[in-house]
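Given next are the chains, with one letter for each unit.
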Amino acid sequence: PAGSEVRDGKFAFVVTRVEPPTKSVGDFLSKTAQGEFILVHIDVTNTSDRPQSYFGSNQKLIDTQGREFTNDTEAEIYLNDDTFADINPGNKFSVILAFDVPTGTAPAALEFHDSMFSGGVRVAVR
């Protein structure tokens, strides 16, 4: 569930908050969803002994129907100072993920990956 730590590869992930769906993100520069955005706040901690690169594009949202959604990297640029980072050992990076989903989509889980090649780990968000 949200708040519990899950690990994949060199990273530990914690979902800190899932916001109610919204139609657009950003202030001066903004993006409107095709459906609606589900915004997920996460903390990513480097559990290894060397710097690791985090990329939001490796993260996925799974809904209650088992459908898999990739994140919207453009929307994330309007929500965060940085959307990818080199994280030093033991350091934590906080970021908001944005998923453009059909209106009314019920998120069931997030699937986190430390890289595009990793097996991934799921955490329930309901």
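Residues numbered from 1 in each chain as written. Predicted model: local features only at pLDDT ≥ 70, side-chain atom pairs only at ≥ 80, totals over all residues. Heavy atoms only, no water.

Draft legend 1. Focus on the overall build of the chain. Scanning the chain from terminus to terminus reveals one helix and eleven strands. Reading the secondary structure of the chain in the N-to-C direction produces β-β-β-β-β-β-β-α-β-β-β-β. For a compact globule of 126 residues, the expected C-alpha radius of gyration is about 14 Å, and the chain comes in at 14 Å, within 12% of that figure. In terms of principal-axis extent, the alpha carbons of the chain reach across some 40 × 35 × 25 Å. Across the chain, the fraction of contacts at a sequence separation of at least 24, relative to all contacts at a separation of at least 6, is 68%. Total accessible area on the chain stands at roughly 6700 Å², and carbon and sulfur atoms take up 48% of it. Computed over 11 positive and 18 negative side-chain charges, the inter-centroid distance for the chain is 5 Å. (Helix = DSSP H or I, 4+ residues; strand = E, 2+ residues; numbered from the N terminus. Rg over C-alpha atoms; globule rule 2.2 N^0.38 Å. Contact = heavy atoms within 4.5 Å. Areas by Shrake-Rupley, 256 points an atom, 1.4 Å probe, with all protein chains shown as cover. Lys, Arg positive; Asp, Glu negative; His and termini not counted. Charge placed at Lys NZ, Arg CZ, Asp CG, Glu CD.)

Draft legend 2. Molecular detail of the sheet that holds strand E7 (residues 68-70). One open sheet accounts for four strands, arranged E7-E6-E10-E11; its pairing is antiparallel. Each edge of the open sheet carries a strand with a single partner, namely E7 and strand E11 (121-124). The average angle at which neighbouring strand axes cross in this sheet is 30 degrees, direction not considered. Where strand E6 (residues 60-63) lies against strand E10 (residues 107-112), four bridges are found, and the strand directions are antiparallel. Paired with Asp63 across the two strands is Pro107, which belongs to E10. (Pairing = 2+ DSSP bridges. Axes fitted to C-alpha atoms, helices over the stretch in contact; angles between N-to-C directions.)

Draft legend 3. Inspection of the environment of Ser53 at higher detail. Here Ser53 lies in strand E5 (residues 52-55). Residues contacting Ser53, with those up to four places away along its chain left out, are Phe11, Ala85, Asp86 and Asp114. Of note is the side chain of Ser53, whose polar atom sits 2.5 Å from the side chain of Asp86. (Polar contact = N/O pair within 3.5 Å; in protein donor to acceptor, adjacent residues only side chain to side chain.)

Draft legend 4. How the structure looks around the nonpolar core. Of all hydrophobic cores here, the largest spans 23 residues; its most connected members are Ile42, Tyr54, Leu110 and Phe112. It is strand E9 (residues 92-101) that provides the largest number of residues to this core, a total of five residues. Those residues within four positions of Phe112 in sequence are excluded, and the remaining contacts are Val6, Asp8, Phe13, Val15, Ile42, Gln59, Leu97, Gly120, Val121 and Val123. (Core = buried A, V, L, I, M, F, W, Y, C linked by side-chain atoms within 4.5 Å. Buried < 20%, exposed > 50% of the residue type's maximum accessible area, 1.4 Å probe, protein only.)

Draft legend 5. Geometry of the environment of Glu36. Looking at the element boundaries, Glu36 is found in strand E4 (residues 30-46). We classify Glu36 as buried; its relative accessible area is 12%. Between the alpha carbons of Glu36 and His113 there is a distance of 24 Å; along the sequence they are 77 residues apart. Separated by 3.0 Å, the side chain of Glu36 and the backbone nitrogen of Gly104 make a polar contact.

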